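So you can see what is in the structure, the chains are spelled out below.
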Amino acid sequence: TGVRDALQGLGIRAAVPREERAIRNGGGWTTKVYTLLPGYVFLALEYSAENYYRVKAIPHVLRFLGPNGLSPSYLTHLEVEWLRLLDNGGEVLKPSRVETLPEGGVRIVEGVLRHFPVSRIDLDKRARRAFEGTSDWEKATARRAKVEISLCGELKTLTLSTEGGEDEDESS
């Protein structure tokens, strides 16, 4: 996010979509911020020679994503909308909330995943067995959702976190 911050300091709108994930670390659960598309910084600017050199002057900027690395690729309106949702106004995304359906499926209740065609939601069963019956049970059953989107003509698979949806109280 250092590149994004430097670009924003120059008045250039830049996005680096990130999310908060629950991870197992040292025998306990903690949260960590993950960059959803590592190595990418998405810019909203009028392309010109002047802006090219302004961007290239930022440390760690390698090239523009495009056919020759000099002129940038442009995103479609749909790709821009996906990135706007994933960027969340520059704030870190929280896990989407899901619930388990009686027939065994999973429904997305709230969060960014409601806006995407989700191809798969997986449960980390190994973590679940390790914490059965403990106070860490809910975090141990964290799920991940796979979402495929197109960016600059390439299909990208993103993994987004979810919470909830595991053996919740049957009376609710």
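Residues numbered from 1 in each chain as written. Predicted model: local features only at pLDDT ≥ 70, side-chain atom pairs only at ≥ 80, totals over all residues. Heavy atoms only, no water.

Here we look at the environment of L160
Tracing the backbone through its elements, the reader meets L160 in strand β9 (residues 154-163). Contacts of L160, omitting those with residues within four sequence positions, involve E19, L36, L86, V112, L113, R143, R144, A145 and V147. (Helix = DSSP H or I, 4+ residues; strand = E, 2+ residues; numbered from the N terminus. Contact = heavy atoms within 4.5 Å.)

As for helix α3 (residues 77-87)
Listed in full, the buried residues belonging to α3 are E79, W82, L83, L85, L86 and D87. If you follow the buried residues of α3, they end up packed against β1 (13-15), β2 (18-25), β4 (42-44), β8 (143-151) and β9. Looking one or two residues past α3, N88 carries a phi angle of roughly 55°, positive in sign. (Buried < 20%, exposed > 50% of the residue type's maximum accessible area, 1.4 Å probe, protein only.)

Re the packing of aromatic side chains
Two numbers describe a pair of aromatic rings. These are the distance of the centres and the angle of the planes. The full count for this structure, using the stated rule, is five aromatic pairs. Pairing Y40 with F42 gives two aromatic rings, centres 5.9 Å apart and planes at 5°, and the pair type is stacked. You can call Y40 partly exposed: its relative accessible area is 25%. Considering the side-chain rings of Y52 and F64, the 5.5 Å spacing of their centres and the 25° angle between planes classify their relative orientation as stacked. (Phe/Tyr/Trp six-rings, centres within 6.5 Å; stacked < 30°, edge-to-face > 60°.)

Digging into the nonpolar core
Ranked by size, the top nonpolar core spans 20 residues in total, and within it L86, F116, I149 and L160 carry the most contacts. Membership of the second largest hydrophobic core comes to nine residues, among which are I12, A14, I58 and F64. (Core = buried A, V, L, I, M, F, W, Y, C linked by side-chain atoms within 4.5 Å.)

Digging into the environment of K156
Inspection of the secondary structure assignment puts K156 in strand β9. For K156, a relative accessible area of 18% puts it in the buried group. Separated by 119 residues in the primary sequence, K156 and L37 place their C-alpha atoms 8.9 Å from one another. Of note is the side chain of K156, whose polar atom sits 2.9 Å from the side chain of Y40. (Polar contact = N/O pair within 3.5 Å; in protein donor to acceptor, adjacent residues only side chain to side chain.)

Re a nonpolar patch on the surface
A contiguous nonpolar patch, built from Y47, L70 and Y74 and spanning about 330 Å² of accessible area, is present on the exposed surface. Exposure remark for Y74: the relative accessible area of 61% places this residue in the exposed category. (Patch = residues over 30% accessible without salt bridge, like charges linked within 9 Å, V, L, I, M, F, W, Y side chains within 5 Å. Areas by Shrake-Rupley, 256 points an atom, 1.4 Å probe, with all protein chains shown as cover. Salt bridge = Lys/Arg side-chain N within 4 Å of Asp/Glu carboxyl O.)

Brief notes about the pattern of salt bridges
The tally for this structure, following the rule as stated, stands at seven salt bridges. A salt bridge links R107 to E99; the nearest nitrogen and oxygen atoms lie 2.7 Å apart. Its salt-bridge partner being E154, residue K156 comes within 3.5 Å of it at the nearest N-O pair.

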